[in-house]
Amino acid sequence: MRYRESGRLDTSSVQDRRGGSGGRMGGGRGMAVGGGGLGLVGLVVVVLVQVLGGGGTSGSAATSVLDQLGSGQTADNGALQQSCDEVADANSSVDCAVVADIDSIQDYWGQTLGTGYQPADTVFFADSVQTGCGGATSGTGPFYCPADQLVYIDLTFFDDLQTEFGAEGGLFVNAYVLAHEYGHHVQNLLGTNQQVTQGETGPTSGSVRLELQADCYAGTWANHAETVPDETGQPLIVDITDDDISRALDTAGRIGDDYIQENLGDGTADEGSFTHGSSEQRQRWFTTGYSTGDPNQCDTFGTDDLG
């Protein structure tokens, strides 16, 4: 995966709450993945249970983001802006690549949904964070909170995908993770969340359908990533290779419910407890989005065949 060499990078869609670690570019301390690896692997279900019950986001839950910062926790983009000034910086820094990914993903959805799309920030945090959906730690993994309409990520999660899950990793895998979380933002904007029964699990549950659709949405962005223009009229991403797609599918296979339960759990897969879908399903729906480039083909709620 490669980014263009010209132009300025826009960091305004990121809130860097890492404090003194804000200058830690692309690096990673180890992180123990807690709870079987939540976030991309599970947290959104917890989030939905906490905030969707009444059928929508309350006004108080969606008020000032800064009101929800923990003690001593502030958003300071100074170091990020200095290190990620040029688009070309994305080719040498994971932090800057993530910024470029976020911009590209939101450019795509803004142009796809038009006025129906409302941009959402991504919060970089270290160790722990307070959100509109409650507190979270690094072990939670990346997640989207419908209550404050923010994506949250400790960037060390990308290291854990390789060390804990055995994924091949890479810049495009990181982008896939973010595109999946922004897929949840799109679902929230479209009201798709309301089709999910609180606490429901199982291979055909609303929770599984929601996650598979987010994978499919990530695939549709990937299909257009090399052509979707930013405000300059040029795409931020200039090259996605077959190897990049292969790595994303490898990751999708390692965050399926069956793989996690069999390899990171007690060694057996319990379909009745599935919340995200099997490895094969996650690979299938990412591929559906990538091969068609059409979000309308991602209607996991309108089919009896989830794979």
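Here the structure is shown first, and the text comes after it.
Let us look at the structure shown here. Here the structure is a predicted model, which means the values were calculated and not measured.

Reading guide: rules and limits
Residues numbered from 1 in each chain as written. Predicted model: local features only at pLDDT ≥ 70, side-chain atom pairs only at ≥ 80, totals over all residues. Heavy atoms only, no water. Pairing = 2+ DSSP bridges. Helix = DSSP H or I, 4+ residues; strand = E, 2+ residues; numbered from the N terminus. Axes fitted to C-alpha atoms, helices over the stretch in contact; angles between N-to-C directions. Core = buried A, V, L, I, M, F, W, Y, C linked by side-chain atoms within 4.5 Å. Buried < 20%, exposed > 50% of the residue type's maximum accessible area, 1.4 Å probe, protein only. Contact = heavy atoms within 4.5 Å. Disulfide = S-S within 2.5 Å.

## Description of the sheet that holds strand β7 (residues 150-153)
Line of reasoning, step 1. The sheet built from 4 strands is open, its strands ordered β2-β3-β7-β6 with mixed pairing. Each edge of the open sheet carries a strand with a single partner, namely β2 (14-16) and β6 (143-145). Within the sheet, the average angular offset between the axes of one strand and its neighbour, ignoring direction, is 25 degrees.
Line of reasoning, step 2. Pairing of β2 with strand β3 (residues 122-124) involves 3 bridges; the strand directions are parallel. Residue pairing for β3: D16 is matched across the bridge by F124.

## Description of the nonpolar core
Line of reasoning, step 1. Grouped together as the largest cluster of nonpolar side chains are 60 residues, with contacts concentrated most on M1, Y3, L9, L161, F172, W221 and F286.
Line of reasoning, step 2. Broken down by secondary-structure element, the contributors of at least two residues to this core are α3 (94-113), β7, α4 (157-163), α5 (171-190), α6 (206-224), α7 (242-254) and α9 (279-292).
Line of reasoning, step 3. Dropping the residues within four chain positions of it, W221 is found in contact with M1, S104, I105, Y108, F172, A175, A179 and I237.
Line of reasoning, step 4. By size, the runner-up hydrophobic cluster in this structure holds 10 residues, among which are V123, C133, A136 and F143.

## Focus: the state of the cysteines
Line of reasoning, step 1. A complete count under the given rule lists 3 disulfides for this structure.
Line of reasoning, step 2. For C133, the disulfide goes to C145, at an S-S distance of 2.0 Å. One quick way to see it: the torsion about the S-S bond of C133 and C145 is about 95 degrees, and its sign makes the bridge right-handed. Of this pair, C133 sits in the loop between β4 (128-131) and β5 (134-137) while C145 is found in strand β6, placing the two residues 12 residues apart along the sequence. The same class applies to C133 and to C145, which are both buried.
Line of reasoning, step 3. Covalent S-S linkage joins C216 and C298, the inter-sulfur distance amounting to 2.1 Å. As the torsion about the S-S bond is roughly -70 degrees, the C216-C298 disulfide counts as left-handed. Note that C216 is positioned in helix α6 and C298 in the segment after α9, a separation of 82 residues in sequence.
Line of reasoning, step 4. Judged by its relative accessible area of 0%, C216 falls in the buried class.

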